Amino acid sequence: MINVIEITIDEFEKNFYDKYEKLFPEDEQRDWEKIKNTYNKGIEKFYKIQLDNINIGFFMLEKLNDNYPFYLDYFAIFKEFQNMGYGTKAVQTLIKNVVHNDGIIGEIEKESESNPVTIRRLEFYNRLGFYKIDSEYLLYDVLYTPICSIPKNYIEKMKIDNIFFDYYKVNCGENDVRTKCKIIK
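Criteria and cut-off values
- Residues numbered from 1 in each chain as written.
- Predicted model: local features only at pLDDT ≥ 70, side-chain atom pairs only at ≥ 80, totals over all residues.
- Heavy atoms only, no water.
- Salt bridge = Lys/Arg side-chain N within 4 Å of Asp/Glu carboxyl O.
- Helix = DSSP H or I, 4+ residues; strand = E, 2+ residues; numbered from the N terminus.
- Buried < 20%, exposed > 50% of the residue type's maximum accessible area, 1.4 Å probe, protein only.
- Pairing = 2+ DSSP bridges.
- Phe/Tyr/Trp six-rings, centres within 6.5 Å; stacked < 30°, edge-to-face > 60°.
- Lys NZ or Arg CZ within 6 Å of the ring centre and 35° of its normal.
- Contact = heavy atoms within 4.5 Å.
- Right-handed = clockwise from strand over helix to strand, strands pointing away.
- Expected span 1.5 Å × (residues − 1).

A. Up close: the pattern of salt bridges. Evaluated as defined, the whole model comprises 13 salt bridges. Arg 178 serves as the salt-bridge partner of Glu 174, at 3.8 Å between the closest nitrogen and oxygen. Here Glu 174 and its partner Arg 178 are both found in helix H7 (residues 174–180), 4 residues apart, which amounts to about one turn of the helix. In this structure, Asp 176 engages Lys 180 in a salt bridge whose closest nitrogen and oxygen atoms are separated by 3.9 Å. Separated by 4 residues within a single helix, Asp 176 and Lys 180 lie in helix H7, roughly one turn from each other. Note on Lys 180: relative accessible area 40%, which makes it partly exposed. Because the salt bridges share partners, they merge into one network encompassing Arg 30, Glu 44, Glu 62 and Asp 73.

B. Layout of the pairing of strand E4 (residues 70–77). Counting buried positions along E4 yields 8 of 8 residues, so the element is predominantly enclosed. As defined by bridge partners, E4 adjoins strand E5 (residues 104–109) across 2 bridges and the pair is classed as parallel. Note on E5: the bridge partner recorded for Tyr 71 is Ile 105.

C. Seen up close, the packing of aromatic side chains. A full pass over the atoms with the stated rule returns 29 aromatic pairs. Stacked on the ring of Phe 78, the Lys or Arg Lys 19 has its end atom at 5.4 Å from the ring centre. Directly above the aromatic system of Phe 70 lies the positively charged group of Lys 63, at a separation of 4.9 Å from the ring centroid.

D. Representation of unusual backbone geometry. Of note, Asn 53 is a non-glycine position whose phi angle comes to about 70 degrees, a positive value. Within the fold, Asn 53 resides in the loop between strand E2 (44–51) and strand E3 (54–62). Owing to a relative accessible area of 66%, Asn 53 belongs among the exposed residues under this scheme. Within the chain, Asn 83 stands out as a residue other than glycine whose phi angle is a positive 60 degrees. You can see Asn 83 is positioned in the loop between E4 and helix H4 (86–99).

E. Seen up close, the environment of Val 170. Position of Val 170 among the secondary structure elements: in helix H6 (residues 157–172). C-alpha of Val 170 to C-alpha of Leu 23: the two residues are 147 residues apart in sequence and 23 Å apart in space. Not counting chain neighbours up to four residues away, the residues in contact with Val 170 comprise Thr 38, Ile 43 and Leu 64.

F. Spatial organisation of the pairing of E5. For E5, a buried count of 5 out of 6 residues is recorded, marking the element as mostly surrounded by other parts of the structure. In this fold, E4 hands off to H4, which returns the chain to E5; that crossover is right-handed. The sheet contact formed by E5 and strand E8 (residues 142–148) spans 5 bridges and is antiparallel. Paired with Ile 105 across the strands is Cys 148, a residue of E8.

G. Structural view of H6. The end-to-end C-alpha separation of H6 is 22 Å, in line with the 22 Å expected for 16 residues at 1.5 Å each. For H6, the complete set of buried residues consists of Ile 160, Asp 161, Ile 163, Phe 164, Phe 165, Tyr 167, Tyr 168, Asn 171 and Cys 172.

See below:
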């Protein structure tokens with residue numbers, strides 16, 4: 001059985017941070033001090049994913065306030081547990097037990113035929129009810145496709161772009177957002 005359990009930043013740092021550093025490319029990782037800052041403000045939350053009391057992955061999830069959807073900052077299933085359906089069950093459990101009807105936004109690297117992992121990642125989220133937003137974001141020289149689980153008729157494109165960039169301002173700082181983050185379309 002898959003469980004998603006909220007943990008403290010101390011538990012995350014002790015039991016998961018080294019895996020975070022190994023699983024995500026350095027240019028996609030956030031500065032630890034910035035992560036601690038969003039945690040201390042009550043925005044960032046950490047969740048361990050367990051299979052029968054064994055840690056198999058984690059979520060880093062943010063929520064600015066009740067008027068915002070959740071922002072999926074990072075999600076990982078450890079390599080030895082990948083391609084077994086646990087990621088699907090973990091996201092479904094997260095939505096059922098944590099997110100409820102608030103919706104989730106996030107971004108994935110833009111899908112590309114030259115990188116099949118990007119296509120599989122989009123298909124994974126599509127199967128879970130996420131869809132692409134008609135935007136592309138260039139963040140720190142990496143092109144991303146925003147994804148969302150909010151009903152399409154609930155939120156218009158301009159507002160969803162603003163929501164993403166509100167999260168980026170909290171995570172990266174105003175100056176970095178102005179100089180290193182932009183909407184491509």
